Amino acid sequence: MVRLEHLTKEFEGGSQAFRAVDGLNLHVREGEFAVLIGPSGCGKTTTLKMINHIIEPTQGQVYINGRSTENMNKVLLRRGIGYVIQDIGLFPHMTIEENVGIVPRLQKQTAKHRHRKVGELLEMVGLDPSIYRERYPSELSGGQQQRIGVLRALAGEPDIILMDEPFGALDPISRVQLQDELKELQRKLKKTIIFVTHDMDEALKLADKIIIMDNGKPVQIGSPHEILENPANKFVRDFIGEDRLGPKPETTPVSEIMIPNPLTITEDTDLSEAESLLSKSATGLVVTKDDGSAVGLITIDAFKSHRTTQDTEVKELLDENVQTVPLGASVQEAAAHLAHTEHDILLVVDRKMRCVGVLSKAGLVQGIV
């Protein structure tokens, strides 16, 4: 989705040029949440601004969907990329509806479409459109204003969103709330997000991929789990902090403790075949649609307790209330799901809702311990 090749930015500084970003190579896949983090002056914000050409690179290339941005119309490029900053930048003389609808208006979307879109977005973050549409930014709290900043970035339906320390100026409670909301929005919308922060806890909580930078170069790139388990060097260890190192439930992915490749059947599978497969499974059978997406689960207990006859169909034994958890979720998130369900099993699903694994309470306990 976004690929940076040998990206470099030099600024003139007296007799010697200062290289803020030095030959950066990075690939952020579609739907990935990537976080740039490092000490002040390491080049993370400069990198972000070169992606949408607010700052022009000195050398190197930015590619979006395999196409170089060098010769693109920069105005159209920026309209197609969501951008959220710490200072929010809402227009004080415009209503919330007008602020959120700026990019759709520039895209020549109809007033009716913009009105509907703004309402959907406000509801998505728990702001009643009938109350907040006609308000002005000064009538909102800091946390509410930042929510509007995020919605404005989403309104043009971009595939890519750039976020430059969007929660840095908020109080700790508002910050945690917005982190949780952003994580939930990302789970639903699956945008490609490149996020800049100084906060290591924020990076560990939000990221699929973390890029730790120093002096304009990446020092280590990896998942939160990989970085905590295997810091590349002393700089990374010191930057993360010794108290965070080692496996943690909040960063350990469910993929490490799930039972992979569960036995699956479709709703029209013959009952005798299902019974035969059940004898080979310790957790039950995952039932799917023809496209592979998960519908539910048939447990061994359900099969034993149900009076089956020759005419019994698989769907009569199906439990559709079994919860799912995304493949990229952490062990801690999976535990929260299981805590709010009467079932002992979770289905781990990919982005197309195909079941790639199952997770039992017993397995979860072992993973946490």
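Note: the structure precedes this text.
Everything numeric here is computed off the predicted structure, so don't read it as measured data.

Trainee: In this structure, what is going on with the sheet that holds strand S12 (residues 264–266)? I would like to understand it.
Mentor: In sheet architecture, strand pairing relies on hydrogen bonds along the backbone and comes in two forms, parallel and antiparallel. Spatial strand order, S12-S13-S14: 3 strands in an open sheet with mixed pairing. Here the strands that pair on one side only, and so sit at the sheet edges, are S12 and strand S14 (294–298). For this sheet, the mean angle separating the axes of adjacent strands, direction not counted, is 35 degrees. Bridge count between S12 and strand S13 (residues 285–288): 3 bridges; the pairing is parallel. The residue of S13 that forms the bridge with Ile-265 is Val-287. Across the sheet, helix H12 (residues 271–278) is in contact with S12, S13 and S14; its angle to S13 comes to roughly 140 degrees.

Trainee: Just to check I follow, could you spell out the nonpolar core for this structure?
Mentor: Among soluble globular proteins, nonpolar side chains are generally buried collectively. Counting residues in hydrophobic clusters, the biggest one holds 42 residues, and the most contacted among them are Ile-148, Phe-195 and Ile-210. Sorting elements by how many residues they give to this core places helix H7 (residues 142–155) first, with 6 residues. When sequence neighbours within four positions are dropped, the list of residues in contact with Phe-195 reads Phe-33, Ala-34, Val-35, Leu-36, Met-163, Pro-166, Phe-167, Leu-182, Glu-202 and Leu-206.

Trainee: I tried to follow empty space enclosed by the protein on my own but got confused; where do I start?
Mentor: Where empty space is left in the structure can be found by rolling a water-sized probe over the atoms. One pass over the full model with this rule turns up 2 cavities of 30 Å³ or more. Computed from the structure, the largest cavity encloses a volume of approximately 70 Å³. What lines the largest cavity is Val-150, Ala-153, Leu-154, Ile-161, Met-163, Leu-182, Leu-185, Gln-186, Leu-189, Lys-191 and Ile-193. When residues of the lining of the largest cavity are traced back to their parent elements, those giving at least two are H7, strand S7 (160–164) and helix H8 (172–189). If one sorts the elements of the lining of the largest cavity by residue count, H8 sits on top with 4 residues. Across the lining of the largest cavity, the residue classes break down as 9 nonpolar, 1 polar and 1 charged. Secondary structure elements with two or more residues in the lining of the second largest cavity: H7 and H8. Sorting elements by how many residues they give to the lining of the second largest cavity places H8 first, with 4 residues.

Trainee: Can you walk me through the layout of surface pockets in this structure?
Mentor: Volume-wise, the largest pocket comes out at about 1,600 Å³. Every residue lining the largest pocket is counted, 47 residues in all, and those nearest its centre are Lys-183, Asp-208, Gly-328, Ala-329 and Glu-333. The set of elements that each furnish at least two residues to the lining of the largest pocket consists of H8, helix H9 (200–206), helix H10 (224–229), strand S15 (324–326) and helix H15 (331–339). Split into classes, the residues belonging to the lining of the largest pocket amount to 14 nonpolar, 13 polar and 20 charged. A volume near 460 Å³ is recorded for the second largest pocket. Among the elements of the structure, helix H2 (74–79), strand S6 (81–85), helix H4 (102–106) and H7 are those that each provide at least two residues to the lining of the second largest pocket. Examining the composition of the lining of the second largest pocket, we find that 4 residues originate from one element, S6, more than from any other. When the residues that make up the lining of the second largest pocket are grouped by side-chain class, the tally is 12 nonpolar, 4 polar and 3 charged.

Trainee: Where do I start with the packing of aromatic side chains in this structure?
Mentor: To describe a pair of aromatic rings, one takes the distance between the centres and the angle between the planes. Under the counting rule described, the total for this entry stands at 3 aromatic pairs. Relative to Phe-195, the ring of Phe-33 has its centre 5.6 Å away and its plane inclined at 45 degrees; by these criteria the two rings are tilted. With Phe-33 in strand S3 (residues 33–37) and Phe-195 in strand S8 (residues 192–197), this residue pair connects regions lying 162 residues apart in the sequence. Taking the relative accessible area as the measure of exposure, Phe-195 reaches 0% and is therefore buried. Through a chain of ring-to-ring contacts, three or more aromatic side chains come together here, namely Phe-33, Phe-167 and Phe-195. Across from the ring centre of Tyr-63, 4.4 Å away, lies the NZ or CZ of Arg-3, which sits over that ring.

Trainee: When you look at the pairing of S7 in this model, what are you seeing that I'm missing?
Mentor: A regular strand carries its side chains on alternate faces of the sheet. Here S7 lies mainly inside the structure; 5 of its 5 residues are buried. Burial along S7 is two-sided: Ile-160, Leu-162 and Asp-164 and Ile-161 and Met-163, pointing in opposite directions, are all buried. Two elements, S6 and S7, share 5 bridges in a ladder whose sense is parallel. Of the residues in S7, the one forming a bridge with Gly-82 is Ile-161.

Parameters and conventions
Here the residue numbers are simple positions, counted from 1 along each chain's written sequence. The predicted origin of the model limits local features to residues at a pLDDT of at least 70 and limits the giving and counting of side-chain atom pairs to 80 or more, whereas totals for whole chains, interfaces and linings rest on all residues. Derived side-chain values reflect all non-hydrogen atoms in the structure, with water molecules and hydrogen atoms excluded from consideration. Strands are treated as partners if at least two bridges between them are detected by DSSP. Numbering goes from the N terminus for both helices and strands, where a helix is a DSSP run of H or I of at least four residues and a strand is a run of E of at least two. Here the axes come from fitting lines to C-alpha atoms, over the contacting stretch only for helices, and the angles between their N-to-C directions go from 0 to 180 degrees. Pairs of residues are marked as contacts when any of their non-hydrogen atoms sit within 4.5 Å. Definition used in this section: a nonpolar core is a set of buried Ala, Val, Leu, Ile, Met, Phe, Trp, Tyr and Cys residues joined via side-chain atoms within 4.5 Å. Three labels apply to residues, based on accessible area from a 1.4 Å probe with only protein chains included: buried if under 20% of the type maximum, exposed if over 50%, partly exposed otherwise in between. Grid points spaced at 1 Å and placed over the protein atoms alone form the basis of the search, with a cavity being a set where a 1.4 Å probe fits but cannot get out and a pocket an open set showing protein on both sides within 12 Å along at least five of seven lines. Lining residues have an atom within 4 Å of a point. Grid points are joined across faces, edges and corners, and a volume is the space filled by probe spheres set on the points. All amino acids are sorted into three groups, where Ala, Val, Leu, Ile, Met, Phe, Trp, Tyr, Cys and Pro are nonpolar, Asp, Glu, Lys and Arg are charged, and the leftover types, Gly among them, are polar. Pairing of aromatic side chains here covers Phe, Tyr and the six-membered ring of Trp, requires ring centres within 6.5 Å, and sorts the geometry by plane angle: under 30 degrees stacked, over 60 edge-to-face, intermediate tilted. We call a charge positioned above a ring when the Lys NZ or Arg CZ atom is no farther than 6 Å from the ring centre and deviates by at most 35 degrees from the ring normal.

Such coordinate-based values are descriptive only and should not be taken to indicate function.
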